[in-house]
Amino acid sequence: MIHVVIGTAGGVGTSTIARARARDDGALLIEGSNRMRVQDLLAEERPDQIYDYYDFLTGSGDDAVIHLESYDLIQGSIFHDLEEVEEERFKERIASLSYDEIVVDLSRHRDADLIYWGALADTVYLVSDGSKASIREMERIRFTFQRHRLMPRVVAIFNRLKEGEKERIEEEVDFPIEDVYYIEESAHPDFSIKNEKSRIEEKEASKKKSFWDFFKPKNRQ
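Summary of the structure given here. (Residues numbered from 1 in each chain as written. Predicted model: local features only at pLDDT ≥ 70, side-chain atom pairs only at ≥ 80, totals over all residues. Heavy atoms only, no water.)

## Things to note about the packing of helix α5 (residues 111-118) against helix α6 (residues 132-147)
Right, so step 1: Between α5 and α6, the shortest axis-to-axis distance is 10 Å and the interhelical angle comes to 55 degrees. Taken together, the axes of α5 and α6 are oblique relative to one another. Our pair here, α5 against α6, has a crossing hand that is right-handed. Contacts between α5 and α6 involve Asp111, Leu114, Ile115 and Gly118 from the first element and Arg140, Ile141, Thr144, Phe145 and Arg147 from the second.
Right, so step 2: Grouping the constituent residues of the contact of α5 with α6 by class yields 4 nonpolar, 2 polar and 3 charged. (Axes fitted to C-alpha atoms, helices over the stretch in contact; angles between N-to-C directions. Helix = DSSP H or I, 4+ residues; strand = E, 2+ residues; numbered from the N terminus. Parallel < 35°, antiparallel > 145°, perpendicular 65-115°, else oblique. Left-handed = near helix turned anticlockwise from the far one by under 90°. Contact = heavy atoms within 4.5 Å. Nonpolar A, V, L, I, M, F, W, Y, C, P; charged D, E, K, R; others polar.)

## Describing α5
Right, so step 1: The element α5 is largely enclosed, with a buried count of 7 among its 8 residues.
Right, so step 2: Within the span of α5, buried status applies to Ala112, Asp113, Leu114, Ile115, Tyr116, Trp117 and Gly118.
Right, so step 3: At its buried positions, α5 is contacted by β1 (2-7), β2 (28-31), α3 (53-58), α4 (87-95), β5 (102-106) and α6. (Buried < 20%, exposed > 50% of the residue type's maximum accessible area, 1.4 Å probe, protein only.)

## Quick look at the pairing of β5
Right, so step 1: With 5 of 5 residues buried, β5 lies mostly within the body of the structure.
Right, so step 2: Taking every second residue as pointing to the same face, both faces of β5 are buried, with Ile102, Val104 and Leu106 on one and Val103 and Asp105 on the other.
Right, so step 3: Relative to β5, β1 runs parallel, the two sharing 5 bridges. Residue pairing across strands places Val4 opposite Val104, the latter belonging to β5. (Pairing = 2+ DSSP bridges.)

## Observations regarding the nonpolar core
Right, so step 1: Core analysis: the biggest nonpolar cluster contains 41 residues, and Val4, Ile6, Ile30, Phe90, Ile94, Trp117 and Phe158 have the highest contact counts within it.
Right, so step 2: Aside from chain neighbours lying at most four places away, what touches Phe90 is Tyr53, Leu57, Leu82, Val85, Tyr116, Trp117 and Leu120.
Right, so step 3: One finds Ile17, Ala43, Tyr71 and Tyr181 within the second-largest nonpolar core, a separate group that totals 19 residues. (Core = buried A, V, L, I, M, F, W, Y, C linked by side-chain atoms within 4.5 Å.)

## Focus: the pattern of salt bridges
Side-chain pairing between opposite charges can occur once the charged atoms of the two side chains come close.
Right, so step 1: Counting across every chain of the model gives 12 salt bridges.
Right, so step 2: Between Asp81 and Arg35 there is a salt bridge, with the nearest N and O atoms lying 2.9 Å from each other. Of this pair, Asp81 sits in the loop between β4 (72-74) and α4 while Arg35 is found in the loop between β2 and α2 (39-42), placing the two residues 46 residues apart along the sequence.
Right, so step 3: On the accessibility criterion, Asp81 (14% relative accessible area) is buried.
Right, so step 4: Owing to a relative accessible area of 36%, Arg35 belongs among the partly exposed residues under this scheme.
Right, so step 5: Each of Asp111, Glu137, Arg140 and Arg147 takes part in one network of salt bridges that share partners. (Salt bridge = Lys/Arg side-chain N within 4 Å of Asp/Glu carboxyl O.)

## Observations concerning helix α1 (residues 14-25)
Right, so step 1: The end-to-end C-alpha distance of α1 is 17 Å, a good match for the 16 Å that 12 residues give at a rise of 1.5 Å each.
Right, so step 2: Taken as a whole, α1 has its buried residues at Thr14, Ser15, Ile17, Ala18, Arg19, Ala20, Arg21 and Ala22.
Right, so step 3: Buried residues along α1 sit against β1, β2, α2, β5, β6 (123-128) and β7 (153-161).
Right, so step 4: Phi for Gly26, located one or two positions after α1, is positive at around 60 degrees. (Expected span 1.5 Å × (residues − 1).)

Laid out in structure tokens, this is it:
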């Protein structure tokens, strides 16, 4: 399964959500963001690796995978764009990976990133802070998928919301999305999902929970 986490604005928590999903699943995390590298800074231990996403795709860095304690990582490339790699070559390289679960961090992207990964993704998570600009970018990404006849399952995550914003978003967002999740901003500076996860764990203590278990489908009215 390939899960692609796409940011619709800066600072909405895309990299944090992608890393948490990879860590919980013991997955491979690919930092596919356009000319961006932050996942190595979030790792439990600082990786000592010179090869990156672009090196892996071009075959010049077959040992680009970094093995961390709870997940594996291919770090982002800060010098190259995905357009420099032929789409068929891209597909071949991703197909060569022997992982049951792959998580892709697209905090920053160009259309080629959306098209290449949209063709392979089982699920796309669009991460938004609920701002008008972020919601507009959500619409643009969905239009890009439609224009290129790409049909991944699309899930919206509205993250770091202030009180009352959920109701406003429900009124403003009218495009069809399979699932919508809302995460309210926490008073604690840590990632806002943490408090909600604790609340759920207390409520369902008899069940084994993980970070990603927070994302339970919520039917929109």
